[in-house]
Amino acid sequence: MVVNSAHAIDFEIKGVDKDKVRDNIRLYLDNLDIEPGLLADPFWQEEIQKTVSTAAEPFGYYNSETFIELTDDDTVVLQVTLNTPLKVANVTREIIGAGREDPDFRERFNKFPLKKGDVLLQPTYEAFKSSMLNYALTHGYFDFAWQATRLDLVREEREANVLLIAQSGPQYTFGDIRIIGEDKAEAIIRRLVPFEVGEKYSSTKLTEFNRRLNQSGYFSRVIARPVVSEAESLHVPIEVSVAHRPRDSFDVRLGAGTDTDGPRIKLGWDRPWVNSRGHSISADLFLSKPEQSLTTDYRIPMRDITNDYVSFQAGYQFIEYQNSQTESETLSLAVHRYWQENNSPWQQDGSLTYLREYFVQGADPEQTTSLIMPGYAIRYLQKDGDLNINNGTYFQAFSQVGRDNFGSDINIVRSIVEGKMIRTFADVHRIVVRGEVGAIKTNDFSRVPASLRFFAGGDQSVRGYDYRDISPEDTVIDPVTGESSLEPTGGKYLATASVEYAYQFAESWRAAVFTDIGTATNDWDTDPRYSVGTGVHWISPIGPIRLYIAHNFDDRDDVNNWQLHFILGPEL
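A few points on the structure. (Residues numbered from 1 in each chain as written. Predicted model: local features only at pLDDT ≥ 70, side-chain atom pairs only at ≥ 80, totals over all residues. Heavy atoms only, no water.)

A short note on the pattern of salt bridges
Going by this rule: Salt bridge, as applied in this entry: a Lys or Arg side-chain nitrogen positioned within 4 Å of an Asp or Glu carboxyl oxygen. Labels follow the DSSP assignment, with helices taken as runs of H or I lasting at least four residues and strands as runs of E lasting at least two, numbered in each case from the N terminus. Accessible area is worked out with a 1.4 Å probe on protein chains only. A residue is then buried under 20% of its type maximum, exposed over 50%, and partly exposed in between.
The full count for this structure, using the stated rule, is 22 salt bridges. Here R26 makes a salt bridge to D23, at a shortest N to O gap of 2.4 Å. One end of the pair, R26, and the other, D23, are both in helix α1 (residues 19-30), 3 residues apart, so they sit about a helical turn from each other. Under the relative-accessibility criterion, R26 is labelled buried at 12%. Notably, a salt bridge pairs E571 with R546, separated by 3.7 Å at the nearest N-O pair. You can see E571 sitting in the segment after β28 (562-568) and its partner R546 sitting in strand β27 (residues 543-552), a full 25 residues away along the chain. Accessibility assignment for this pair places E571 and R546 in one class, buried.

Focus on the packing of aromatic side chains
Think of a pair of aromatic rings as described by two things: how far the centres are apart, and how the planes are tilted against each other in angle. Under the convention used in this document: Classification of ring pairs uses Phe, Tyr and Trp, with its six-membered ring standing for Trp, and accepts pairs whose centres are within 6.5 Å; under 30 degrees between planes counts as stacked, over 60 as edge-to-face, and the remaining range as tilted. Two thresholds decide whether a charge sits over a ring: the Lys NZ or Arg CZ must be within 6 Å of the ring centre and within 35 degrees of the ring normal.
On inspection of all chains with the given rule, the structure shows 23 aromatic pairs. Over the face of the ring belonging to F445 we find R453, whose NZ or CZ atom lies 4.8 Å from the ring centre. Directly above the ring of F514 sits R463, whose terminal nitrogen or CZ lies 3.8 Å from the centroid.

Observations regarding α1
Put simply, the rule reads: To estimate how far a helix should extend, the number of its residues minus one is multiplied by 1.5 Å.
Helix length check: α1 (12 residues) gives 16 Å between terminal C-alpha atoms against 16 Å at 1.5 Å per residue, within 8%. If you check which residues of α1 are buried, you get V21, R22, N24, I25, R26 and L29.

Concerning the sheet that holds strand β9 (residues 219-226)
Heads up, the rule is: Pairing between two strands is assigned when DSSP locates at least 2 bridges connecting them. Axes, fitted as lines to C-alpha atoms, cover a helix only where it is in contact. Angles between the N-to-C directions of the axes lie from 0 to 180 degrees. Should any heavy atoms of two residues lie within 4.5 Å, those residues are counted as being in contact.
Taken in spatial order, the 3 strands make up an open sheet running β8-β10-β9, and their pairing is mixed. Two strands in the sheet have a free side with no partner beyond their single neighbour: β8 (173-180) and β9. Within this sheet the neighbouring strands show an average axis-to-axis angle of 20°, counted without direction. On top of the sheet, helix α6 (residues 203-215) reaches β8, β9 and β10 (235-244); it is set at about 165° to β9, its chief contact.

Notes on helix α4 (residues 122-138)
As a reminder, the rule being used: Starting at the helix axis, one direction is taken to each C-beta atom, and the arc is that of these directions.
Here α4 is 17 residues long and its end C-alpha atoms lie 24 Å apart, about the 24 Å a rise of 1.5 Å per residue gives. The set of residues buried in α4 consists of Y125, F128, K129, M132, Y135 and A136. Down the axis of α4, the sector holding all buried residues measures 130°, keeping them to one side. Just downstream of α4, G140 is the residue with a positive phi angle, here 90°.

Some details on unusual backbone geometry
We note that N83 has phi near 65°; this positive angle belongs to a residue other than glycine. Here N83 is to be found in the loop between β4 (75-81) and β5 (87-97). Unlike most non-glycine residues, R468 shows phi in positive territory, near 65°. Tracing the backbone through its elements, the reader meets R468 in the loop between β21 (429-442) and β22 (473-477).

Some words on the packing of α1 against helix α2 (residues 42-56)
Using the following cut-off: If an angle is under 35 degrees, it is roughly parallel; if it is over 145, roughly antiparallel; if it lies from 65 to 115, roughly perpendicular; otherwise it is oblique. In this scheme the crossing of two helices becomes right-handed for a clockwise turn of the near helix relative to the far one and left-handed for an anticlockwise turn of less than a right angle. Residues are grouped as follows: Ala, Val, Leu, Ile, Met, Phe, Trp, Tyr, Cys and Pro are nonpolar; Asp, Glu, Lys and Arg are charged; every other residue, Gly included, is polar.
Running from amino to carboxyl end, α1 crosses α2 at an angle of 140°, the nearest separation of the two axes being 8 Å. When the axis of α1 is compared with that of α2, the two are oblique. For the crossing formed where α1 meets α2, the hand is right-handed. Only I48, T51, V52, T54 and A55 of α2 make contact with α1, whose side of the interface consists of N24, I25, Y28 and L29. In terms of residue class, the contact of α1 with α2 is built from 6 nonpolar, 3 polar and no charged.

Such coordinate-based values are descriptive only and should not be taken to indicate function.
See the structure below:
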């Protein structure tokens, strides 16, 4: 194998089969500063031999020999004989200090990987010393030091003796929390602390504390760190430096899709600090051609601030879908109780919703329905990114119940289960599988609000169809022309499924093929609609932009068999 030095000297290394040893010899030779014209000088040949010997020593070869041959084409041939490596004859280890009585510390110390009879590997020896120091510091042994470390080499016997004596010092514990900066968050910060004063120090718990602080949503900058220099009686104070988020923040989120007849915009307002107890309020205004809505959300943190809270929500929504002759105006009030275990992808939600909806659906007369519905949802979400996702899993099951003797105009049970899985193989093969099943049980379906009925079709459902185009149909008479037509009116049941394969053929581009199938119906005997198609994804800095051409196999005369779908936004 040939390597070029800084002065274009070609070294050909022979006799070394181990890659790590050969690579280290190359590295040392590359750093050897020799003029090509001086290679015949015995002094420089001796320097090359010393360099090769030094490079082989970390791997136990302390008695290597090198023969140098200069060829006519200016190549330097190094014939290296490594000889027998040194092996570990004895390992002497000892702990002095509090770590001697700590079973975890002893277990970690006794995991020194070199045993009697092993080849002496200096990288392994040095790595253990560094890892032991790191372990000590992350477990509160801030005074840790190596009292003695030594390698005694007996080259004639091809042996080495290892000595490791660790002075652990005392183990420190967590002390009081000190807040640097604004102190209105003190009560919130103390509720996020995952350790008790006097508990053994652990960098893992301090990392968890920092994670909770940063995910709480209250701070623009926050960091917790130990101040070892100010420890008293082995109690290390934890200093928390905070800068609160602005009193009010605003954001604009843009998107687009054929489901919303083009662009959509979402304007958000957030006030993270309503009071020192961590209450917050936010509002969102959503605008698209068929739908406009305004929602507000007032949150009260409970036991676990980041995962456990009560949410009071109020919303107004107006929708008008021309293709399904749907118009509705909805006022909703809801209270949600969310809870989620630390580091768990599962979130649960118990809710109580009041909904009052004025709607016109198909040929049905205008009407208003009021519902009071307790509900429960459980959601699973795991993904490897926020915008561009290579692997992710989403699942949600949700159910609401309304009774006519409990404030609702009708009896109703509405349930839906949906899921999506994204997997990428060998970095270029991507599979997306999704599906959903829903059902409504009621004593008067004609009074079920339009926003609760099931429709299929569109970008996120069965591609190849317009948004909400798949459902039971009713005859609608145009009051101007007097002509009649069949229009979707929403169904009691929903079932859809999709499989998509995409191949990444360039750094930011994927080509995709898919098939979708589904129905929204009042009778499970209804034949489902299905489609196939192809598309292209641009993996942009603002998230994936997806364009699809889909073909459905619908034999109805009024259905366009080809659809173009454009989607901008994250997939989970």
